[in-house]
Amino acid sequence: MHKLRVGLAQINTTVGDLEGNVQKVLAYLDRARELAVDVVSFPELTVTGYPSEDLLLRPSFVRDNLAALQSVVRGCSGITAVLGFVDLDDGDIYNAAAVIHDGRLAGVYHKQYLPNYGVFDEFRYFRSGTENPVYTVAGVGVGINVCEDIWYPGDPTRAQAFGGAQVIININGSPYHAGKRRFRQQMLATRASDYGIFVCYTNQVGGQDELVFDGGSMVLNAAGEVVARAAMFEEELLVCDLDVEEALRRHLHDPRQRRERTAYAAAQEAPRSLLSEAPFVTDKASLAPRLAPAPEEEAEVYAALVTGTGDYLRKTGFDKAVIALSGGIDSSLVATVAVDTLGKQNVTGVAMPSRYSSEGSIKDARELSDNLGIEFMIIPIEPAHAAYLEMLEGPFAGGESGAAEENIQSRVRGNIIMALSNRFGWLVLTTGNKSEMATGYATLYGDMAGGFAVIKDVPKTLVYRLSRYRNTSGERPVIPASVLTKPPSAELKPDQLDQDTLPPYELLDPILEAYVEEDRSVAEIVALGYDYATVVRVIQMVNRNEYKRRQAPPGVKITPRAFGRDRRIPIANRYQGF
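Residues numbered from 1 in each chain as written. Predicted model: local features only at pLDDT ≥ 70, side-chain atom pairs only at ≥ 80, totals over all residues. Heavy atoms only, no water.

1. A few points about the overall build of the protein
Line of reasoning, step 1. Tallying secondary structure elements over the protein gives 19 helices and 20 strands in all.
Line of reasoning, step 2. Here the C-alpha radius of gyration of the protein, 27 Å, is about what a compact globule of 578 residues would show, namely 25 Å.
Line of reasoning, step 3. Projected onto its principal axes, the C-alpha positions of the protein cover 85 × 50 × 50 Å.
Line of reasoning, step 4. Among the 578 residues that make up the protein, the fraction classed as buried is 57%.
Line of reasoning, step 5. Of the contacts made within the protein by residues no fewer than 6 positions apart, 75% connect residues no fewer than 24 positions apart.
Line of reasoning, step 6. For the protein, the exposed surface amounts to about 23800 Å²; the carbon and sulfur share of it is 51%. (Helix = DSSP H or I, 4+ residues; strand = E, 2+ residues; numbered from the N terminus. Rg over C-alpha atoms; globule rule 2.2 N^0.38 Å. Buried < 20%, exposed > 50% of the residue type's maximum accessible area, 1.4 Å probe, protein only. Contact = heavy atoms within 4.5 Å. Areas by Shrake-Rupley, 256 points an atom, 1.4 Å probe, with all protein chains shown as cover.)

2. Overview of the sheet that holds strand S3 (residues 80–89)
Line of reasoning, step 1. If you trace the six strands from one edge of the open sheet to the other, you get S5-S4-S3-S2-S1-S14, paired in mixed fashion. Taken across any chain shown, the strands that pair with only one partner, and hence form the sheet edges, are strand S5 (104–110) and strand S14 (236–243). With direction set aside, neighbouring strand axes in the sheet form an average angle of 35°.
Line of reasoning, step 2. Sheet topology note: the strand S2 (residues 39–41)/S3 ladder contains three bridges and is parallel. In the sheet register, Ser 41 faces S3, and the bridge partner there is Val 82.
Line of reasoning, step 3. Against the sheet, helix H1 (residues 18–34) contacts strand S1 (3–10), S2, S3 and S14, and its axis sits at roughly 40° relative to S14. (Pairing = 2+ DSSP bridges. Axes fitted to C-alpha atoms, helices over the stretch in contact; angles between N-to-C directions.)

3. Remarks on the pattern of salt bridges
Line of reasoning, step 1. Taken as a whole and assessed by the stated rule, the structure comprises 30 salt bridges.
Line of reasoning, step 2. The salt bridge involving Asp 54 is made with Arg 124; its shortest N-O contact spans 3.0 Å. Here Arg 124 lies in the loop between S5 and strand S6 (134–137) and Asp 54 lies in the loop between S2 and helix H2 (59–74), a separation of 70 residues in the sequence.
Line of reasoning, step 3. Between Asp 311 and Lys 315 there is a salt bridge; the shortest N-O distance is 3.8 Å. Of the two residues, Asp 311 and Lys 315 are both situated in helix H7 (residues 297–315); the distance of four residues between them amounts to about one turn of the helix.
Line of reasoning, step 4. In this structure Lys 315 comes out as partly exposed when scored by relative accessible area, which is 26%.
Line of reasoning, step 5. Three or more residues joined by partner-sharing salt bridges are found here, namely Glu 546, Arg 549, Arg 550 and Arg 567. (Salt bridge = Lys/Arg side-chain N within 4 Å of Asp/Glu carboxyl O.)

4. Notes on the sheet that holds strand S19 (residues 427–430)
Line of reasoning, step 1. Overall, parallel pairing links the five strands, which are arranged S18-S17-S16-S19-S20 in an open sheet. A single partner strand is all that each edge strand has here, and the edge strands are strand S18 (375–378) and strand S20 (452–453).
Line of reasoning, step 2. One ladder, built from four bridges, connects strand S16 (residues 321–324) with strand S17 (residues 347–351); its direction is parallel. Across the sheet, the residue bridging to Ile 323 is Gly 349, located in S17.
Line of reasoning, step 3. Across the sheet, helix H8 (residues 329–342) touches S16, S17 and S19, and the angle it forms with S16 is around 165°.

5. As for unusual backbone geometry
Line of reasoning, step 1. Following Tyr 50, the chain continues into Pro 51 via a peptide bond in cis, with omega recorded as -5°.
Line of reasoning, step 2. Position of Pro 51 among the secondary structure elements: in the loop between S2 and H2.
Line of reasoning, step 3. Looking along the chain, the bond that leaves Asp 155 and enters Pro 156 is cis, with omega of 5°.
Line of reasoning, step 4. Secondary-structure assignment places Pro 156 in the loop between strand S7 (140–146) and helix H3 (157–162).
Line of reasoning, step 5. The backbone phi angle of Ala 36 is positive, close to 55°, even though this residue is not glycine.
Line of reasoning, step 6. By secondary structure assignment, the location of Ala 36 is in the loop between H1 and S2.
Line of reasoning, step 7. Phi angles above zero are rare outside glycine, and Asp 90 is one such case at about 55°.

6. Let's talk about the nonpolar core
Line of reasoning, step 1. By size, the foremost hydrophobic cluster in this structure holds 45 residues, and its most contacted members are Leu 429 and Ile 558.
Line of reasoning, step 2. Put simply, the parts of the chain that give this core at least two residues each are H7, S16, H8, S17, helix H9 (359–372), S19, helix H14 (460–473) and helix H15 (481–485).
Line of reasoning, step 3. Element by element, the count of residues in this core is highest for H8, at eight residues.
Line of reasoning, step 4. Grouped together as the second largest cluster of nonpolar side chains are 41 residues, Val 25, Val 37, Ile 100 and Phe 120 included. (Core = buried A, V, L, I, M, F, W, Y, C linked by side-chain atoms within 4.5 Å.)

7. Concerning the side chain of Asn 433
Line of reasoning, step 1. By secondary structure assignment, the location of Asn 433 is in the loop between S19 and helix H13 (434–439).
Line of reasoning, step 2. Here Asn 433 falls in the buried class, since its relative accessible area comes to 0%.
Line of reasoning, step 3. At 3.0 Å, the side chain of Asn 433 forms a polar contact with the side chain of Asp 330.
Line of reasoning, step 4. For Asn 433, the side chain forms a polar contact with the main-chain nitrogen of Glu 436, separated by 2.9 Å.
Line of reasoning, step 5. If near-sequence neighbours (up to four positions away) are discounted, Asn 433 is found in contact with Asp 330, Ile 455, Lys 456, Val 458, Lys 460 and Val 463. (Polar contact = N/O pair within 3.5 Å; in protein donor to acceptor, adjacent residues only side chain to side chain.)

8. Observations regarding the pairing of strand S10 (residues 205–208)
Line of reasoning, step 1. Side chains of S10 alternate between two faces, with Val 205 and Gly 207 and Gly 206 and Gln 208 buried alike.
Line of reasoning, step 2. Alignment of S10 against strand S11 (residues 211–214), held across four bridges, turns out to be antiparallel. Considered in S11, the bridge of Gly 207 is made with Val 212.
Line of reasoning, step 3. Connecting the antiparallel pair S10 and S11 is a turn made up of two residues, with Asp 209 showing a positive phi of about 55°.

9. Observations concerning the environment of Asp 364
Line of reasoning, step 1. Secondary-structure assignment places Asp 364 in helix H9.
Line of reasoning, step 2. On a C-alpha basis, the gap between Asp 364 and Val 483 in space is 6.9 Å, while along the polypeptide they are 119 residues apart.
Line of reasoning, step 3. Setting aside anything within four residues of it in sequence, one finds Asp 364 in contact with Gly 327, Pro 480, Ser 482, Val 483 and Lys 486.

10. Topic: the packing of H8 against H14
Line of reasoning, step 1. Contact pair H8 / H14: the axes reach a minimum separation of 10 Å and the direction vectors enclose 50°. Classified by the angle their axes make, H8 and H14 are oblique. Between H8 and H14 lies a crossing of left-handed hand. Across the interface between the two elements, Ile 329, Asp 330, Leu 333, Thr 336 and Asp 340 from H8 touch Lys 460, Val 463, Tyr 464, Leu 466, Ser 467 and Arg 470 from H14.
Line of reasoning, step 2. Broken down by class, the residue content of the contact of H8 with H14 amounts to five nonpolar, two polar and four charged. (Parallel < 35°, antiparallel > 145°, perpendicular 65-115°, else oblique. Left-handed = near helix turned anticlockwise from the far one by under 90°. Nonpolar A, V, L, I, M, F, W, Y, C, P; charged D, E, K, R; others polar.)

11. Brief notes about the packing of aromatic side chains
Line of reasoning, step 1. Under the defined criterion, the tally for this structure stands at ten aromatic pairs.
Line of reasoning, step 2. Ring centres of Tyr 113 and Tyr 152 lie 4.1 Å apart, and the angle between their planes is 10°; on these two criteria the pair is classed as stacked. Pair noted here: Tyr 113 is in the loop between S5 and S6 and Tyr 152 is in the loop between S7 and H3, with a separation of 39 residues, a long-range link.
Line of reasoning, step 3. Exposure remark for Tyr 113: the relative accessible area of 30% places this residue in the partly exposed category.
Line of reasoning, step 4. Relative to Phe 233, the ring of Tyr 176 has its centre 5.4 Å away and its plane inclined at 70°; by these criteria the two rings are edge-to-face. Remark: Phe 233 occurs in the loop between strand S13 (226–229) and S14 and Tyr 176 occurs in the loop between strand S8 (167–172) and helix H4 (180–195); sequence separation between them is 57 residues. (Phe/Tyr/Trp six-rings, centres within 6.5 Å; stacked < 30°, edge-to-face > 60°.)

Below you can see the structure in the form of structure tokens.
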């Protein structure tokens, strides 16, 4: 039985850390050799980190990436590796995969489909490739392509399969959003079964600015079945033995492919390169394939927040975080995420009560801090608040008290939390959620002040679900029960509730999803069963608060359409849509 042992190295790279990325690759190459892997694959643009954005416009960065690649080539004896890098050819650059065999660069594949939607902007940087090479590795035909190339039916996967590839290795930097894992698997299953090939999908893992990469690398057989899968949000070397005779059997039993191959003349154009007729190690003990369980939605999203937050701090040079604790659900969830990624010794909570803060909120903030084991400070803001009101007494005279006076409290808190950040080198984690960011229910230079917005892409209703999940998944509940049951309030005036300003979150969040993520019109949203006046009110709030969102810190993307990199709406814009 002819088998090919593949290794899928889903690693966490850092943009611009060429030396660090290379050292990690070399360490995984050692592990792959120890396991007698025939061919090991690494993620898209491994050498540079992904996405490198405008670093790619610097010739020195491109040249340094090519020099770093040579370090990998020299360390790649006794194995075949597929590695993402930036190739420079004929005065242009390509998103490329290096095929390295036994200490030499044996070939280069250039990505053909360059995504230019959502968070992707690859036409800005790269030129598209045109060739569909197939390599013989240990006697097996292997096609190499990159990320988006396999999302489309047809070439390059078709040309490679019809040109003799029994295995397709697809290397990726595929960002996470909730639900993407299932869609991704369905797409890969279609490609594998359509062309009767094994698909080895290698994805990177870790956070990069707003993006988080979930890993979840997988191997699918010629019937489109997942036969091996790595964990999500963890670095891992997934190793699997492929019975390549299975692909041949499928070809022999499937007349559709025979007809299509005959009609497809381009299959003859797929260049074939011989790397090896036999494995470096022929006597291998069988390995049982690993099939990591797929997490439920709340567990998946929570892991994305932990990964994205932790990597943002580590990759930007911070090791400690500070959070303004209001005693509410949002700051409680952010603090819990911070402790789960940084450790309790690296997180500080600060309560900043005003004249309107309830005793219950201070108690809840203290109880949360005790449960998490973090340092807890109380810094009352009344002296500063009173001073501001006194200073503004003249200019504000004669008008009714309102949002301007209320927001002074939030801005005093923003000053205090940033002062602590400056003094101690802590990164401020802001606590606003997506529902608030969408409607502008947040204060510029107040509760929006900070370095990273952990839950800015998490709707309020999901905040509650994630909090309940965390309370039931750990050793014991950490978020106080009262936090989960009391009505949300900014506590900037007596008896204030969020519901005084916003529709109930159970009503608000579906309207926001329809408008922000699905681009539905007022009429379409009303047709879903929502009140016209409520829909118009919500859309007006979203439209007039784009300027606030432009000034918000980055945060973890977990929905298909996050503010910022995904959704780009002009600030000076008079189109209302109703």
